[in-house]
Amino acid sequence: MLKAASIKGMHGGQRALWRSGVGFLAALMCLTKGVRAGDPQPNLALLRSAVAEVAERAIAEVRASQIVLRPLPPGHEANWLLEQELVRAAQVRGIQLYVPQDSSARSEVGDREDASTLGFAVLGVGIEYRDRQGGLLKHARITRTASVTVHFREVTWDGRLQWSRDFEHQVEDTVPLRLVKRLEEERMAFTHGDLPQVQGLRRVLEPALVLVVTGVVTYLFYAYRSR
């Protein structure tokens, strides 16, 4: 990085060239900025809000004062997220909820008439992107939808089915297109979504604009160094 004293020592043409280069570099960096304070919440946080709604509705249906969670096959990588929100919802309603370390373990509450098992299976959880809006590059926005569907069933300590039901919920907002990949969690596939294909003239203009900006910045950089 050049020191301030070096910049002050430039003649007018060099200063103009330097400022232009800095301006183009700043514009290019805006296209690839990461998530910062004030940016949209990450996909995982949006999914959590949808999962929390489903958990609250399921716990509201529970008839026992004590329940043991039982993940049902085939299992899902988002089970941990649902379990966290079920525990939170149960605490709010004053229901004692147990999460066995082993899904095949014996119920911690034993054979009690006020206890039951709450089985759950995550049928679907994910992010969808659609309906691109706005201009090119950093000004474009896209609709983001977090959706979750979970099957629940409550069974009493003596094996009687109390109820069985699917719950689903969606949360939707719009986010800057340039931030989409930064909002996803690299190691959690269910936080990823497929971007809709760019159509029409925009499909050609955007890559061309990126190439032009990159080319101008590169030219200015080497032009400055050669002086």
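Just above sits the structure.
Right, let's walk through the structure included here. (Residues numbered from 1 in each chain as written. Predicted model: local features only at pLDDT ≥ 70, side-chain atom pairs only at ≥ 80, totals over all residues. Heavy atoms only, no water.)

1. With respect to the nonpolar core
Counting 42 residues, the largest nonpolar core has Ile59, Ile67, Leu82, Leu86, Leu118, Val150 and Phe152 as the members making the most contacts within it. If you list the elements that add at least two residues to this core, you get helix H3 (43–61), strand E1 (66–71), helix H4 (79–92), strand E3 (115–133), strand E4 (141–156) and strand E5 (161–176). For this core, the leading source of residues is H3, giving 9 residues. Excluding anything up to four places from it in sequence, Ile67 contacts Ile59, Val62, Ile95, Gln96, Leu97, Tyr98, Ser116 and Leu118. (Core = buried A, V, L, I, M, F, W, Y, C linked by side-chain atoms within 4.5 Å. Buried < 20%, exposed > 50% of the residue type's maximum accessible area, 1.4 Å probe, protein only. Helix = DSSP H or I, 4+ residues; strand = E, 2+ residues; numbered from the N terminus. Contact = heavy atoms within 4.5 Å.)

2. Details of the pairing of E5
The two faces of the sheet receive side chains in turn, since in a regular strand these alternate between them. Pairing of E4 with E5, which is carried by 15 bridges, proceeds in the antiparallel orientation. Following the sheet pairing, Val150 is matched in E5 by Phe167. Here E4 hands over to E5 after 4 residues, with Gly159 in that stretch at a positive phi of 90°. (Pairing = 2+ DSSP bridges.)

3. Here's the deal with H3
Between its terminal C-alpha atoms H3 stretches 28 Å, which fits the 27 Å expected from 19 residues at 1.5 Å a residue. Those residues of H3 that fall on the buried side of the exposure criterion are Asn43, Leu44, Leu46, Leu47, Ala50, Val51, Ala52, Val54, Ala55, Ala58 and Ile59. Each element contacted by the buried residues of H3 is listed here: E1, H4, strand E2 (96–98), E3, E4 and E5. (Expected span 1.5 Å × (residues − 1).)

4. Considerations on the pattern of salt bridges
Taken as a whole and judged by the stated rule, the model has 8 salt bridges. For Glu61, the salt bridge is made with Arg165, and the minimal N-O distance between the two is 3.2 Å. Of this pair, Glu61 sits in helix H3 while Arg165 sits in strand E5, and the two are 104 residues apart along the sequence. Judged by its relative accessible area of 31%, Glu61 is partly exposed. With a shortest N-O distance of 2.4 Å, Asp131 and Arg130 are connected by a salt bridge. According to the relative accessible area criterion, Asp131 is partly exposed, its value standing at 44%. (Salt bridge = Lys/Arg side-chain N within 4 Å of Asp/Glu carboxyl O.)

Interpretation in functional terms is not warranted from these geometric data alone.
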